[in-house]
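# Examining the three-dimensional arrangement
Now for the letters of each chain:
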Amino acid sequence: MSATLAVAQVVEAAGALPAAIPSPPQHTWYLGPFPIRAYALAILAGIVVALWLTRRRWVERGGEADDVLEIAFWAVPFGIVGGRLYHVFSTPDPYWGPGGDPVRALYVWEGGLGIWGAVALGAVGAYIGCRRQRVSFPAFADALAPGLLLAQAVGRLGNWFNQELFGSPTTLPWGLRVDDSVAAAAGFPPGTLFHPTFLYEMVWNIGAALLLIYVDRRFRLGHGRVFWLYVFVYTLGRVWIEMLRIDEAELVWGLRLNVWTSIVVGVGALVAFIVVGRRHPGREETVSLETTSDGSPEETPATESEEPVEQSTDDEDAEQTEDPDDSSKSEQAGAARPDPGR
């Protein structure tokens, strides 16, 4: 076979490939009567990845490996509840609007976890866990930040399986192909391709996680600065990705609520990053809570009970030393004194 013929066959095969990203044909499998949902598996896989990376980074910072699971015991449930509450608040029509079903607000497995609610309430759970383990919450947040981005990246696979949260129509070769019924429900004819926003956010989050790891090692960031940098970098990507999406959402002054949230949170994170950097340059020397306000190890003050004990011991020894002289003097005085009975 000549090289020209081989190249021609490769080009022909490439031309036969569909210029689109297909959607998975199924998002739920059944193990007997129990449903196994791809969305739930993606969330669980993301949590596992985050725990793995956070554990490595936490140990590198001087923490105990078991701390991560203990803190996650509080942070993960809080984060899931917070993510669902934010989703229901930012997209209320399917639950409280005309024809909505309020009970569906509890159906987490159908998709819908707002990242800002998950981060906010998850931080509350992490803070509780850090206090119980007596470790620094800002230091743990720094260790967690890259893993959190990877967890978000893996979790977006659930949106792909559910054929949800895609972007506007596109003619790009990486357009997302969805079922005809899904396209019709979005108001577009069958065969329409859409921006795969799940893929955009996956790539952005993975790149951002690698960036955080590099910057953290290069500049030895601490005191929560890695976490604030995570929030800032993530919101940069979330603004333009969110503006591509066409799913239902609350609009404020013509923009989606999540766009405004990303802008406000991103600016706040940038300010916090700068302020914390000026107040606490460098990294903590220890992740333990037994530290002073500037992050240096707290010196345990010496007890004041030692000196009195030593003084009392010296007095007792002095008394014991003087006893023989005092007794001999008293005997001589008794001998010189006349006996009254004589």
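Now for a quick tour of the structure. These numbers were taken from a predicted model, which means no experiment stands behind them.

Bringing the overall build of the protein into the picture now. Scanning the protein from terminus to terminus reveals 11 helices and 7 strands. Within the protein, buried positions represent 37% of all 342 residues. Taking contacts inside the protein between residues at least 6 apart in sequence as the whole, the part at least 24 apart equals 73%. Just so you have it, the protein exposes about 20,300 Å², and 63% of that area is on carbon and sulfur atoms.

This paragraph deals with unusual backbone geometry. The backbone phi angle of Arg-220 is positive, close to 50°, even though this residue is not glycine. Residue position: Arg-220 is located in the loop between helix H8 (197-219) and helix H9 (225-242). Here the phi dihedral of His-223 falls at roughly 60°; this positive angle occurs in a residue that is not glycine. Mapped onto the fold, His-223 is located in the loop between H8 and H9.

Where empty space is left in the structure can be found by rolling a water-sized probe over the atoms. The space that makes up the second largest pocket amounts to roughly 220 Å³. Along the wall of the second largest pocket there are 14 residues; nearest its centre are Val-119, Ala-123, Phe-227, Trp-228 and Val-231. Broken down by secondary-structure element, the contributors of at least two residues to the lining of the second largest pocket are helix H5 (115-133), helix H6 (137-162), H9 and helix H10 (257-279). Split into classes, the residues belonging to the lining of the second largest pocket amount to 11 nonpolar, 3 polar and no charged.

Take the sheet that holds strand S4 (residues 176-177) next. Hydrogen bonds along the backbone pair up the strands of a sheet, which may run parallel or antiparallel. Taken in spatial order, the 3 strands line up as S1-S4-S5 in an open sheet, and their pairing is mixed. Unpaired on one side and paired on the other, strand S1 (21-22) and strand S5 (193-194) mark the two borders of the sheet. With 2 bridges connecting them, S1 and S4 associate as parallel partners. Within S4, the residue paired with Ile-21 across the bridge is Leu-176.

Residues Trp-29, Leu-31, Phe-34, Ile-36, Leu-41 and Leu-44 make up a contiguous nonpolar surface patch of about 610 Å² in total accessible area. Of all the secondary structure elements, the ones that give two or more residues to the nonpolar patch are strand S2 (28-31), strand S3 (34-37) and helix H2 (38-60). Along the polypeptide, Leu-44 turns up in helix H2. Given a relative accessible area of 52%, Leu-44 falls into the exposed group.

Attention now moves to the packing of helix H3 (residues 65-90) against H10. Their axes nearest at 10 Å, the elements H3 and H10 cross at an angle of 125°. Judged on the interaxial angle alone, H10 and H3 are oblique. Listed contacts from H10 to Tyr-86, Phe-89 and Ser-90 of H3 are Leu-257, Asn-258 and Thr-261. Tallied by class, residues from the contact of H3 with H10 come to 3 nonpolar, 3 polar and no charged.

Moving on: the packing of aromatic side chains. With the rule as written, the count across this model stands at 15 aromatic pairs. Measuring from ring centre to ring centre gives 6.0 Å for Tyr-200 and Trp-240, while their planes differ by 35°; the resulting arrangement is tilted. Here Trp-240 lies in helix H9 and Tyr-200 lies in helix H8, a separation of 40 residues in the sequence. Take Tyr-200: its relative accessible area is 15%, and that puts it in the buried class. Aromatic pair Trp-204 and Trp-240: ring centres 6.1 Å apart, planes at 75°, arrangement edge-to-face. Taken together, the residues Trp-204 in helix H8 and Trp-240 in helix H9 connect sequence positions 36 residues apart. You can call Trp-204 partly exposed: its relative accessible area is 29%. Residue Trp-240 is classed as partly exposed on the basis of its relative accessible area of 37%.

The pairing of S2 with S3 spans 4 bridges and is classified as antiparallel. Across the sheet, Tyr-30 pairs through a bridge with Pro-35, a residue of S3. Hairpin geometry of S2 and S3 is characterised by an intervening segment of 2 residues between the two adjacent antiparallel strands and by a positive phi of about 70° at Gly-32.

Here is what the cut-offs are and how they apply
Residues numbered from 1 in each chain as written. Predicted model: local features only at pLDDT ≥ 70, side-chain atom pairs only at ≥ 80, totals over all residues. Heavy atoms only, no water. Helix = DSSP H or I, 4+ residues; strand = E, 2+ residues; numbered from the N terminus. Buried < 20%, exposed > 50% of the residue type's maximum accessible area, 1.4 Å probe, protein only. Contact = heavy atoms within 4.5 Å. Areas by Shrake-Rupley, 256 points an atom, 1.4 Å probe, with all protein chains shown as cover. 1 Å grid on protein atoms, 1.4 Å probe; cavity = no way out; pocket = protein on both sides within 12 Å on 5 of 7 lines; lining within 4 Å. Points joined across faces, edges and corners; volume = space filled by probe spheres on them. Nonpolar A, V, L, I, M, F, W, Y, C, P; charged D, E, K, R; others polar. Pairing = 2+ DSSP bridges. Patch = residues over 30% accessible without salt bridge, like charges linked within 9 Å, V, L, I, M, F, W, Y side chains within 5 Å. Salt bridge = Lys/Arg side-chain N within 4 Å of Asp/Glu carboxyl O. Axes fitted to C-alpha atoms, helices over the stretch in contact; angles between N-to-C directions. Parallel < 35°, antiparallel > 145°, perpendicular 65-115°, else oblique. Phe/Tyr/Trp six-rings, centres within 6.5 Å; stacked < 30°, edge-to-face > 60°.

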